[in-house]
Amino acid sequence: MTETRSAEYARFAAARRRWANVAAIYFFLLVFSFAFMGPYAFALLSSLKDNPSEWPPTLVVNQLKPSNWKASWELAKAGGGSGLLGGLHPGREIPFSVTYQVPAGREPAPPEAVIPRRVPGGVTASLRVKHYAADYT
Amino acid sequence: MKKPVFSRLDEKLAPYVLLAPFLFTLIVFFGYAFVRVFYFSFTEYDLFSAPRWVGLRNYIAVFSDMDFTRALKNSLTFMIIVTAAQTVLALLLAIVLNQRLRGIKFFRAAYYMPSVASSVVVTLIFIWFFQRQGVLNFVLTKVSEYAWIILLFLAGAAVLQFLLVTWDKARRIPVGWLEPSYLFLSCFVAFLALFLAVRFGVLSPREVPAKDIVWFNTTRTWPKFLGKLAFPIPLGAIMIFNTWTTAPTFMLLYLAGLQDIPRELYEAAAVDGAERWHVLRYIIIPQLKPITFLIVTMGLIGTLQMFDQVAILGGQAPLESVITLAYYVYANLFPSSAVPNVGFASAAAILLAVLTLLIVLLQRRLVEE
């Protein structure tokens, strides 16, 4: 009876050890993968950022956030009618929000939004444009 | 039956014909170039006027140049540390990768990435990592913040391991103090407990000022207790990323060697009750001896000739902290805003070649013994 229990335990211990070995190997494989691929992955993500040398460094890339894509699509649609190409057509209403800091104890002054009267750079385009968004504010 | 004369001639000529392209390259681009460099090393020559024989003056000038002494010291330090580090790391990686597991091909490809990428790209990524406000200083700051939690994790895992093994031993179950399954369980439980404690604010990392280690633009040396033997910190940074890029190539050689070790040896070791350490010490390392010789030889030659990473680093680090013999030769051959000093650079190149040859011969003698 004791021998049977001992043999059963030995089998169980061997299986347990085998699984522990597999787990340990995968753990080391992942650690080394992180060491060898990590710098490339981080460089790739940072190449998409506005400021790749930001401090503290973070893995979050604003350009890859679906919420930003959605907001950008909606803004472009509101401004120019096309979510993909965007633009700022006369007479359009564009909802936007802004967060700003004021020193403690000072009353926050409402911000003022100014739309500049931008003339297109090309000669043909500048002659063709008749209406400016700035005229509709 | 006697073979015709032409047939016999063909047989004798065939190897030379097949070797001809390689021999041509060897003779023209290595043999002839070496003889020319050897000749120039005894002359004063600036590429514009005819060489003028000066005897041993260039060699004397090289030995009395402070930059040569610095380059020699940097090259030897670099050679010893990087060759040792990349050989050990390559062996370790090969042992980990020499498994029949699901997804192992992905890991093999992933580990080989640093060797595939261009040296320029890798160096630029690392220059960016080693900036004062770079990723490495950020990681070191985080390690410093979480240092006591990491220590707590290690202590917790050790206590759990002790309790589990003691429990089994009390029940007369034969387990070792480093039983792998319990080790895994202890680490997992300790990690989970501390993760939850930090997540819910029971424990919090200590506040430390951000690490501001200057990795490149410095002449400081490390470790201080070695005195004159300490190496410059910028050279240490190059050592880190040079090891990172070369170890995977050598890993492939070790992996091929590991797959050639007969399975019977492992089976015999298992029957004899050998532990993992014994398998490594008495089977793997002796069986891989010829490959280790090849890897160490290639490592010694490669590290003594290291040039590109110093050149790409450029003005990021003071030259005296990173200059190596290969870069010293180049800097004298094409000095900025000065005429080339071909004779002087040739003398330094010949000394580098002799040094490489002597070190490889010494290594071979040591291995034979």
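Model, not experiment: these values are computed from the prediction.

Thresholds applied
- Here the residue numbers are simple positions, counted from 1 along each chain's written sequence.
- Chain A is the first chain written and ligand 1 is the first ligand written, with later ones labelled in order.
- Restriction of local features to residues with pLDDT of at least 70 applies here, the model being predicted, together with a cutoff of 80 or more for giving and counting side-chain atom pairs; totals for whole chains, interfaces and linings are based on all residues.
- Secondary structure follows DSSP: runs of H or I at least 4 residues long count as helices, runs of E at least 2 residues long count as strands, and numbering of each begins at the N terminus.
- It is over C-alpha atoms that the radius of gyration is taken, and the globule rule equals 2.2 Å times the number of residues to the power 0.38.
- With C-beta atoms placed from the backbone, a residue is labelled by how many other C-beta atoms lie within 10 Å of its own: buried for 20 or more, exposed for 12 or fewer, partly exposed between the two.
- Think of it this way: build a C-beta for each residue from its backbone, and any pair within 7 Å is a contact.
- Per-residue confidence from the predictor is reported as pLDDT, a score between 0 and 100.
- Those domain boundaries reflect an automatic or database domain assignment.
- A helix's residues, less one, multiplied by 1.5 Å, set its expected span.
- As used throughout, a nonpolar core is a set of buried Ala, Val, Leu, Ile, Met, Phe, Trp, Tyr and Cys residues joined through C-beta atoms within 7 Å of each other.
- Under this grouping Gly is polar, as are all residues other than the nonpolar Ala, Val, Leu, Ile, Met, Phe, Trp, Tyr, Cys and Pro and the charged Asp, Glu, Lys and Arg.
- Lines fitted to the C-alpha atoms define the axes, with helices restricted to the stretch that makes contact. Angles between their N-to-C directions range from 0 to 180 degrees.
- Each angle is binned into one of four classes, with values under 35 degrees roughly parallel, values over 145 roughly antiparallel, values of 65 to 115 roughly perpendicular, and all other values oblique.
- The hand of a helix crossing depends on one turn: near helix anticlockwise from the far one by less than a right angle means left-handed, and clockwise means right-handed.

Caption draft 1: Structural view of the overall build of chain B. Each helix and strand in chain B was counted, giving 16 helices and four strands. Against the globule reference of 21 Å for 369 residues, chain B gives a C-alpha radius of gyration of 28 Å, more extended than a compact globule. If one aligns the C-alpha atoms of chain B with their principal axes, the spans along those axes are about 85 × 75 × 35 Å. The 369 residues of chain B split such that 27% are buried. Pairs at least 24 apart in sequence give 68% of the contacts found in chain B among residues at least 6 apart.

Caption draft 2: Quick peek at the confidence of the model for chain A. Looking at chain A as a whole, the pLDDT averages 83, with 95% of positions reaching at least 70. Across chain A, helix α2 (residues 66–80) of chain A holds the top mean pLDDT of 90, while helix α3 (residues 123–128) of chain A sits lowest at 77.

Caption draft 3: Main features of unusual backbone geometry. A cis amide bond, omega -5 degrees, links W55(A) with the succeeding residue P56(A). W222(B) connects to P223(B) through a cis peptide bond whose omega is -10 degrees. As for its placement among the helices and strands, P223(B) is situated in the loop between β3 (221–222) and β4 (231–232). Although it is not a glycine, L47(B) sits at a positive phi angle of roughly 75 degrees. Mapped onto the elements, L47(B) comes out in the loop between β1 (43–44) and β2 (52–53). Take L47(B): there are 11 C-beta atoms within 10 Å of it, and that puts it in the exposed class.

Caption draft 4: A look at the domain arrangement of chain B. Entries for chain B in the domain assignment read domain 1 (65–118 + 224–333) and domain 2 (147–199). Taking only C-alpha atoms, the centre of domain 1 of chain B and the centre of domain 2 of chain B are 34 Å apart.

Caption draft 5: The arrangement of helix α11 (residues 276–287) of chain B in detail. In this model, α11(B) (12 residues) spans 15 Å end to end at C-alpha, consistent with the 16 Å of a helix rising 1.5 Å per residue. Counting buried positions along α11(B) yields one of 12 residues, so the element is predominantly exposed.

Caption draft 6: Structural view of the domain arrangement of chain A. As assigned here, chain A comprises domain 1 (1–63) and domain 2 (65–136). Here domain 1 of chain A and domain 2 of chain A have C-alpha centroids that lie 46 Å from each other.

Caption draft 7: Fine view of the confidence of the model for chain B. Summing up the model confidence of chain B, the mean pLDDT is 91 and the portion of residues at 70 or higher is 98%. The ipTM, which scores confidence in the relative placement of chains, is 0.80 for this predicted complex, and the corresponding pTM is 0.82.

Caption draft 8: Here's a closer look at the nonpolar core. In terms of nonpolar packing, the biggest core is built from 44 residues, with L325(B), Y328(B), V329(B) and A348(B) touching the most fellow members. Secondary structure elements with two or more residues in this core: α3 (66–97), α5 (119–129), α9 (233–259), α13 (308–313), α15 (325–333) and α16 (342–368) of chain B. Non-local contacts of A348(B), meaning those with residues more than four positions away in its chain, are made with V62(B), F68(B), L325(B), Y328(B), V329(B) and N332(B). Counting residues in hydrophobic clusters, the runner-up holds 22 residues, among them L29(A), F32(A), L91(B) and V96(B).

Caption draft 9: Quick peek at the environment of V279(B). Residues and elements named next belong to chain B. With respect to the helices, strands and loops of the structure, V279 is situated in helix α11. Separated by 84 residues in the primary sequence, V279 and Q363 have C-alpha atoms spaced 25 Å apart. Once you skip the residues sitting within four places of it in the chain, V279 turns out to touch Y266, A269, A274 and I284.

Caption draft 10: Examining the interface of chain B and chain A more closely. Taken together, the 19 residues of chain B in the interface contact 24 residues of chain A. Listing elements by their share of the side of chain B that touches chain A, those giving two or more residues are α3, α4 (104–116), α5, α6 (135–145) and α8 (180–199) of chain B. The element best represented in the side of chain B that touches chain A is α4(B), accounting for five residues. Here the side of chain B that touches chain A is composed, by residue class, of 15 nonpolar, four polar and no charged.

Caption draft 11: Region of interest: the packing of helix α7 (residues 147–170) of chain B against α8(B). Residues and elements named next belong to chain B. In the contact formed by α7 and α8, the axes pass within 8 Å of each other and the chain directions differ by 140 degrees. One element, α7, and the other, α8, form an angle in the oblique class. The way α7 lies across α8 gives a crossing that is right-handed. The segment α7 lies against α8, with I149, L152, F153, G156, A157, L160, Q161, L164 and V165 engaging Y182, L183, S186, C187, V189, A190, F191, A193, L194 and V198.

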